[in-house]
Amino acid sequence: MFRSGLARSASFARNLAVPNNCKCIAGVRFMSKHSTESDVEFDARYESFFNRKDIDGWECRKAMNDLSGMDLVPEPRIVIAALNACRRLNDIALAIRFLETVKDKCGGKAEIFPYILQEIRPTLNQLGLSTPEELGYDKPELALKSVYDL
């Protein structure tokens, strides 16, 4: 009881000592310590990462996973560099999966993925890769006809 009375009197005394017309200054918080990079710098960073000669499978998968987690569709030159990295790693499954991811990142926009395919087609032909649609991965293999269509 004595402690709560003492705390109240200390609070009252503090309020008398500080004038009410003082302005409160809010602290500034920066949400990130990293500087923002431009789109060109971002593309160059990922392109140079995929063009490294000593890249291994884990690093390649990590970079592709990071790209798929971002709110963007990678530029065709990043996709070309990633496909060449998959070829150096001799991992065709990773290349096909990355193409599926790029198509998924395009969403419902019908004009984005054909543009990317048009830009990367020479690389696909050079590497001997097929798109997921050409391989038939866009249709389920064991799907049954709908009972409503019979």
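Every value quoted in this text rests on a predicted model; they were computed, and no experiment measured them.

**Overview of a nonpolar patch on the surface**
Among the surface-exposed residues, Val 147, Tyr 148 and Leu 150 lie close enough to one another that they form a single nonpolar patch of about 470 Å² accessible area. Within the secondary structure, Leu 150 sits in the segment after helix H7 (132-135). By relative accessible area, Leu 150 is classed as exposed at 78%.

**Here we look at helix H4 (residues 76-89)**
If you check H4, its first and last C-alpha atoms are 20 Å apart, about what 14 residues at 1.5 Å a residue would give, namely 20 Å. Among the residues making up H4, those that are buried are Pro 76, Ile 78, Val 79, Ala 81, Ala 82, Leu 83, Ala 85 and Cys 86. In this structure, the buried residues of H4 make contact with helix H2 (39-50), helix H3 (57-69), helix H5 (92-105) and helix H6 (112-127). Asn 90 occupies a position one or two residues after H4 and carries a positive phi of about 60 degrees.

**Re H2**
For an α-helix, 3.6 residues make a turn, and residues three or four places apart therefore share a direction. For H2, built from 12 residues, the straight-helix expectation of 16 Å at 1.5 Å per residue is met to within 8% by its first-to-last C-alpha distance of 17 Å. Along H2, the residues that are buried comprise Phe 42, Asp 43, Tyr 46 and Phe 50. Down the axis, H2 shows its buried residues gathered within 95 degrees of arc, on one side only. Looking at the buried residues of H2, the elements they touch are H3 and H4.

**Some remarks on the packing of aromatic side chains**
Overall, the coordinates contain 3 aromatic pairs when judged by the stated rule. Their ring planes at 55 degrees and their centres at 4.9 Å tell us that Phe 42 and Tyr 46 sit as a pair that is tilted. Residue Phe 42 and its partner Tyr 46 are both found in helix H2; the two are separated by 4 residues, about one turn of the helix. The exposure class assigned to Phe 42 is buried, which follows from its relative accessible area of 12%.

**Describing the environment of Phe 42**
When the C-alpha positions of Phe 42 and Ile 78 are compared, they lie 9.9 Å apart, and in sequence the two are 36 residues distant. Setting aside anything within four residues of it in sequence, one finds Phe 42 in contact with Glu 37, Leu 67, Met 70 and Leu 72.

**Things to note about the packing of H5 against H6**
Between H5 and H6, whose axes approach to 10 Å, the crossing angle comes to 160 degrees. Relative to H6, the element H5 is oriented roughly antiparallel. Handedness of the H5/H6 crossing: right-handed. Contacts from Leu 99, Val 102 and Lys 103 in H5 reach Phe 113, Ile 116, Ile 120 and Leu 124 in H6. For the contact of H5 with H6, the per-class residue count stands at 6 nonpolar, no polar and 1 charged.

Calculation rules
Chains are numbered independently. Their residues run from 1 in the order of the written sequence. Residue-level local features of this predicted model are given only where pLDDT is at least 70; pairs of side-chain atoms are given and counted only at 80 or more, and the full residue set underlies all totals for whole chains, interfaces and linings. Note that water and hydrogens are dropped before the side-chain values are worked out from all heavy atoms of the structure. Distance thresholds for patches are 9 Å for like charges and 5 Å for nonpolar side chains (Val, Leu, Ile, Met, Phe, Trp, Tyr), applied to residues having over 30% relative accessible area and no salt bridge. What sets the accessible areas is the Shrake-Rupley method with a 1.4 Å probe; for residues, cover comes only from the shown protein chains. In what follows, salt bridge is the name for a side-chain nitrogen of Lys or Arg lying within 4 Å of a carboxyl oxygen of Asp or Glu. Numbered from the N terminus, helices here are DSSP runs of H or I no shorter than four residues, and strands are runs of E no shorter than two. The buried label goes to any residue with under 20% of its type's maximum accessible area, the exposed label to any with over 50%, and the partly exposed label to all in between, with areas taken from a 1.4 Å probe on protein chains only. By definition here, a helix of n residues has an expected span of 1.5 Å times n minus one. The contact criterion used throughout is that any non-hydrogen atoms of two residues lie within 4.5 Å. This arc is taken over the directions from the axis of the helix to the C-beta atoms. Side-chain rings of Phe, Tyr and Trp, where Trp is taken by its six-membered ring, are said to pair if the distance between their centres is within 6.5 Å; with planes under 30 degrees apart they count as stacked, over 60 as edge-to-face, and otherwise as tilted. As a rule, the C-alpha atoms of each element are fitted with a line to give its axis, helices using only the stretch in contact, and angles between N-to-C directions run from 0 to 180 degrees. Should an angle fall under 35 degrees it is taken as roughly parallel, and over 145 as roughly antiparallel, whereas 65 to 115 is taken as roughly perpendicular and any remaining angle as oblique. Crossing handedness is defined as follows: a turn of the near helix away from the far one that is anticlockwise and smaller than a right angle gives a left-handed crossing, while the clockwise case is right-handed. Side-chain classes follow a simple rule in which Ala, Val, Leu, Ile, Met, Phe, Trp, Tyr, Cys and Pro form the nonpolar group, Asp, Glu, Lys and Arg form the charged group, and the remainder, Gly included, forms the polar group.

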